[in-house]
Amino acid sequence: MPRIAVIPGDGIGPEVTRQAVRVLRLLSEERGLPLELVEWDLGAERYLRTGTAITEAEFAELERDYHAILLGALGDPRVPDNAHTRAILLGLRFRLDLYINLRPARLLHPRLSPLKDPGEHGIDIVVVRENTEGLYTGIGGQFKRGTPDELALEQDVNTRKGIERIVRAAFEYARATGRRRVTLADKANAMPHAGELWRRTFAEVAAEYPDIEREALYIDALALDLVRRPGRYQVIVTSNLFGDILSDLAAALVGGLGLAPSANLHPGRHALFEPVHGSAPDIAGTGRANPLAAILSAALLLDHLGYAREAARVEAAVRATIERGETTPDLGGTLDTERVGDAVCAELRRSG
């Protein structure tokens with residue numbers, strides 16, 4: 001039986017995660033899906049209470065005894081340096097070598113897009129973001145801090161291994177899902193050393209996939225064209241920083257971060273699923289948090305575990321609630337977080 005660690009997190013994290021867990025428990029208890037959900041006490045409350053974010057033993061247990069992790073969101077103003085967030089989230093990404101950050105952006109209803117015309121074929125973009133290198137490694141430092149000559153350096157780490165495996169993952173994903181174009185986003189004109197390595201590796205890997213069209217675009221040109229012609233893009237592969245930015249832009253085109261799920265993957269080893277949005281402490285406890293990104297993250301989790309039919313049912317239930325306007329105010333509805341969860345669960349029961 002797949003064992004899933006549930007980390008509700010901070011801010012709105014517990015509120016949206018609760019609804020995702022309701023969906024998974026419904027499928028498990030009412031539909032016989034074999035899932036074991038175990039809640040973990042990791043987050044700001046535990047850090048403030050004990051001074052510990054996550055222990056070596058807990059890292060080892062998550063890696064050894066769990067098939068996947070469902071995470072709500074991390075971040076709390078009471079921890080201004082976000083030490084616990086870096087220790088838990090980045091710690092898990094690096095310790096479990098979750099080098100693929102998969103961020104789908106699919107338009108579930110035309111009225112959700114801020115674009116006047118989202119295009120004849122709608123919007124269905126997947127950003128495949130390198131997740132363990134780039135500017136997120138924390139390599140760098142400060143010199144002469146607090147003086148007029150202060151210097152800060154961040155090192156952008158790009159390895160042949162890291163680039164090759166994320167590019168290959170993008171092409172494999174495209175082939176597995178019937179997509180016909182992979183776009184590389186970089187800034188090779190301003191970052192020639194890393195850019196040349198990315199483009200050369202991209203071309204070499206792409207040659208192994210002659211059935212899939214390839215192109216390389218500068219990130220600024222791609223960002224502009226995503227707004228103009230989002231329907232032409234299918235799979236975008238890029239670095240850690242650029243993927244973080246582009247996936248938020250793609251999410252805005254389909255309704256916002258409240259509909260943006262993500263998967264952090266190392267195929268055959270481990271996986272972590274989380275909504276793209278943050279902990280939003282300013283709306284925590286108000287009932288305004290949109291749980292659909294967390295529920296769609298649970299759908300990605302199901303698909304990863306091999307339950308493709310159930311994953312499709314969850315996405316269809318989300319789509320149905322959106323079509324009926326059973327949403328939180330950010331999507332034009334009047335429901336609170338709990339009632340949106342009620343609506344999705346009711347739809348799943350009807351469609352079962």
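Refer to the structure printed above.
What you see as residue numbers is a count from 1 along each chain, following the sequence as written. Only residues with pLDDT of at least 70 get local features here, since the model is predicted, and only at 80 or more are side-chain atom pairs given and counted; chain-wide, interface and lining totals rely on the full set of residues. Each side-chain value is worked out from all heavy atoms of the structure, with water and hydrogens disregarded.

(A) Structural context of the side chain of S247. Helical segments are the DSSP runs of H or I of at least four residues, strand segments are the runs of E of at least two, and each set is numbered from the N terminus. When you line up the elements, S247 lands in helix α8 (residues 240-253). Here S247 falls in the buried class, since its relative accessible area comes to 6%. The contacts of S247, once residues within four sequence positions are left out, are R103 and V127. Working definition: with a 1.4 Å probe on protein chains only, accessible area under 20% of the residue-type maximum means buried, over 50% means exposed, and in between means partly exposed. Only heavy atoms matter for contacts: two residues are in contact if any of them lie within 4.5 Å across the pair.

(B) Region of interest: the layout of surface pockets. In this model, the largest pocket occupies a volume close to 720 Å³. Along the wall of the largest pocket there are 30 residues; nearest its centre are L102, Y173, T177, L300 and D303. For the lining of the largest pocket, the secondary structure elements donating two or more residues are β4 (100-106), α5 (160-176), β11 (261-266), α9 (292-304) and α10 (308-323). When residues are grouped by polarity, Ala, Val, Leu, Ile, Met, Phe, Trp, Tyr, Cys and Pro land in nonpolar, Asp, Glu, Lys and Arg in charged, and all others, Gly among them, in polar. Across the lining of the largest pocket, the residue classes tally to 23 nonpolar, two polar and five charged. The pocket and cavity definitions rest on a 1 Å grid over protein atoms only: a 1.4 Å probe that fits but cannot leave marks a cavity, an open set with protein on both sides within 12 Å along at least five of seven lines marks a pocket, and residues lining either have an atom within 4 Å of a point. Forming the walls of the second largest pocket are 20 residues, and the residues nearest its centre are L89, R93, E274, V276 and H277. Among the elements of the structure, β3 (68-73), α4 (83-95), α8 and β12 (270-275) are those that each provide at least two residues to the lining of the second largest pocket. Grid points are joined across faces, edges and corners, and a volume is the space filled by probe spheres set on the points.

(C) How the structure looks around the packing of helix α1 (residues 13-30) against α9. In this analysis an axis means a line fitted to C-alpha atoms, helices contributing only their contacting stretch, and an angle means the value between N-to-C directions, from 0 to 180 degrees. Where α1 meets α9, the closest approach of the two axes is 8 Å, and the angle between their N-to-C directions is 40 degrees. Considered as vectors, α1 and α9 are oriented oblique to each other. Of the two possible hands of crossing, α1 and α9 adopt the one that is right-handed. Packed against α1, whose contacting residues are V16, T17, Q19, A20, V23, L24 and L27, the element α9 presents A294, I295, A298 and L302 at the interface. By definition in this entry, angles of less than 35 degrees are roughly parallel, angles greater than 145 are roughly antiparallel, angles of 65 to 115 are roughly perpendicular, and the rest are oblique. Should the near helix be turned anticlockwise from the far one by less than a right angle, the crossing is left-handed, and should it be turned clockwise, the crossing is right-handed.

(D) The arrangement of the packing of aromatic side chains in detail. Aromatic rings from Phe, Tyr and Trp, taking only the six-membered ring of Trp, are treated as a pair when their centres fall within 6.5 Å; an angle between ring planes under 30 degrees marks them as stacked, one over 60 as edge-to-face, and anything in between as tilted. Following the criterion strictly, the structure yields three aromatic pairs and no others. Geometrically, the ring pair formed by W40 and Y66 is edge-to-face, given 5.6 Å between the ring centres and 80 degrees between the ring planes. In this pair, W40 is assigned in the loop between β2 (36-39) and α2 (44-50) and Y66 in the loop between α3 (56-65) and β3, connecting sequence segments 26 residues apart. Side by side, W40 and Y66 carry an identical accessibility label, which is buried. Each ring, one from F171 and one from Y209, has its centre 5.2 Å from the other, and the planes form 20 degrees; the classification is stacked. Of this pair, F171 sits in helix α5 while Y209 sits in the loop between α6 (192-206) and β9 (213-218), and the two are 38 residues apart along the sequence. Pair check on accessibility: F171 and Y209 agree, each one buried. By the ring-pair criterion, three or more aromatic residues cluster together here, those being F171, F202 and Y209. Both a distance and an angle decide whether a charge sits over a ring: NZ of Lys or CZ of Arg must be within 6 Å of the ring centre and within 35 degrees of the ring normal. A cation sits over an aromatic face here: R95 above F59, 4.5 Å from the ring centre. For R232, the ring lying beneath its charged end belongs to Y233, and the centroid distance is 4.8 Å.

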